[in-house]
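So you can see what is in the structure, the chains are spelled out below.
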Amino acid sequence: MPADPSALDLVLHPVRSRIVQQLGGRTRTTAQLREALPDVTQATLYRHVTALLDAGVVTVVEERRVRGATERTLALGDALAHVDQEGLRAMSTAQLASALRVFLADLAADADRALAADAPALRDLWGFGRGPIHVDVDDLAAIQEGFAALLAPYLEDGGEGKHRVSLATVLLPEPPEPPSAGNPQD
């Protein structure tokens, strides 16, 4: 995610965040975005797409004429891939809290939409869990590189029989425990 605070605030808007999520790893026309985000009015969607285009977060990869109008196909631009360490360090505590809340709200909304589809055949593709790991910054970089290598073959549309799933990761460091009064070794 961009380290520039104004660009960061731009992407943290709930509607723009949902647009970015829809474009993650694929292209979409504005008509496809309208279908994927039916609760967002057309005027609002176009206003937010324009803001993302102006900031370089989204780019136009194709334009074609459809019934006298220009249909644009959009993809994520170079200004946004994910929140990297530089971007995280540039955020204020309030921005980080806001970014996490937007992320979690988007995740919950996606889960609600998936559940509303009531597709029992897709239940095998669901999963969530949580567990501690013990790392330093170098370990975390190695894990992230390994994740990227592991996931690389699955980032493109695999064709028939493949389903798009959203893989979300959250790393929440536990704050250090304060020393206890009864244990001088702490």
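To start, this report covers the structure provided alongside it. (Residues numbered from 1 in each chain as written. Predicted model: local features only at pLDDT ≥ 70, side-chain atom pairs only at ≥ 80, totals over all residues. Heavy atoms only, no water.)

A short note on the overall build of the chain
Keep this limit in mind: Helix and strand labels come from DSSP, where a helix needs a run of H or I of at least four residues and a strand needs a run of E of at least two; each type is numbered from the N terminus. Note on exposure labels: buried denotes an accessible area under 20% of the residue type's maximum, exposed denotes more than 50%, and partly exposed covers the range between, all computed with a 1.4 Å probe on protein chains only. Only heavy atoms matter for contacts: two residues are in contact if any of them lie within 4.5 Å across the pair. Areas reported here follow the Shrake-Rupley algorithm with a probe of radius 1.4 Å; residue values treat only the protein chains shown as occluding.
A tally of regular secondary structure across the chain gives seven helices and three strands. In sequence order, the chain lays out its α and β elements as α-α-β-α-α-β-β-α-α-α. Looking at the chain as a whole, 23% of its 186 residues are labelled buried. Long-range contacts, defined here as pairs at least 24 residues apart, represent 54% of the contacts in the chain between residues at least 6 apart. As displayed, the chain has an accessible area near 13,400 Å², and 55% of this comes from carbon and sulfur atoms.

Here's the deal with the pattern of salt bridges
Note the following rule: Whenever a carboxyl oxygen of Asp or Glu lies within 4 Å of a side-chain nitrogen of Lys or Arg, that contact is scored as a salt bridge.
Applying the stated criterion across every chain yields a total of two salt bridges. Residue Arg18 pairs with Asp39 through a salt bridge whose shortest N-O separation is 2.9 Å. Of the two residues, Arg18 is situated in helix H2 (residues 14–23) and Asp39 in the loop between helix H3 (30–36) and helix H4 (42–55); the sequence distance between them amounts to 21 residues. Taking the relative accessible area as the measure of exposure, Arg18 reaches 10% and is therefore buried. Across the pair Arg64 and Glu71 runs a salt bridge, and its minimum N-O distance is 3.0 Å.

What about the side chain of Ser17?
Checked against the element boundaries, Ser17 lands in helix H2. Once you skip the residues sitting within four places of it in the chain, Ser17 turns out to touch Val11, Val102 and Asp106.

Describing unusual backbone geometry
Even without glycine at this site, Arg67 takes up a positive phi of about 50°. Tracing the backbone shows Arg67 in the loop between strand S2 (58–66) and strand S3 (69–76). The class for Arg67 is exposed, based on a relative accessible area of 83%. A positive phi angle, close to 45°, is found at Asp118, a residue other than glycine. Along the polypeptide, Asp118 turns up in the loop between helix H6 (93–116) and helix H7 (137–151).

Some points on the sheet that holds S3
In a beta sheet, neighbouring strands are held together by backbone hydrogen bonds and run either parallel or antiparallel to one another. Where we set the bar: A strand pair is defined by DSSP finding two or more bridges across the two strands. Here an angle of 0 to 180 degrees is reported between the N-to-C directions of two axes, which are lines fitted to C-alpha atoms, with helices fitted over the stretch in contact.
Sheet architecture is open: three strands sit in the order S1-S3-S2, paired in antiparallel fashion. The two strands at the open ends of the sheet, each matched to only one other strand, are strand S1 (28–29) and S2. Seen against the sheet, H2 touches S1, S2 and S3 and runs at an angle of roughly 85° to S3.

Some remarks on a nonpolar patch on the surface
Quick note on the threshold: Distance thresholds for patches are 9 Å for like charges and 5 Å for nonpolar side chains (Val, Leu, Ile, Met, Phe, Trp, Tyr), applied to residues having over 30% relative accessible area and no salt bridge.
The grouping of Leu100, Phe103, Leu104, Leu107, Val170 and Leu172 at the surface amounts to a nonpolar patch, some 470 Å² of accessible area in total. Structurally, Leu100 is set in helix H6.

Topic: the packing of H2 against H4
Applicable threshold: Note that the term roughly parallel is reserved for angles under 35 degrees, roughly antiparallel for angles over 145, roughly perpendicular for angles of 65 to 115, and oblique for everything else. Residues are sorted three ways: Asp, Glu, Lys and Arg are charged, Ala, Val, Leu, Ile, Met, Phe, Trp, Tyr, Cys and Pro are nonpolar, and all the rest, Gly among them, are polar.
One can describe the packing of H2 onto H4 by two numbers: an axis separation of 10 Å at closest approach and a directional angle of 75°. Judged by the inter-axis angle, H2 sits roughly perpendicular to H4. Of the residues in H4, those in contact with Val15, Arg16, Ile19 and Val20 of H2 are Leu45, His48, Val49, Ala51 and Leu52. For the contact of H2 with H4, the residue count by class is seven nonpolar, one polar and one charged.

Things to note about the pairing of S3
Two elements, S1 and S3, share two bridges in a ladder whose sense is antiparallel. Paired with Arg28 across the strands is Leu74, a residue of S3. Where S2 meets S3, eight bridges bridge the pair, whose relative direction is antiparallel. Its bridge partner lying in S3, Arg65 is registered against Thr70. Taking the residues that link successive antiparallel strands as the turn, the S2-S3 hairpin has two residues, and the phi of Arg67 there is positive, at about 50°.

Overview of H2
Because each turn of an α-helix spans 3.6 residues, side chains separated by three or four positions end up pointing in the same direction. H2 sits mainly inside the fold: eight of its ten residues count as buried. Regarding H2, the residues found buried are Val15, Arg16, Ser17, Arg18, Ile19, Val20, Gln22 and Leu23. Just downstream of H2 lies Gly25, where phi reads positive at about 75°.

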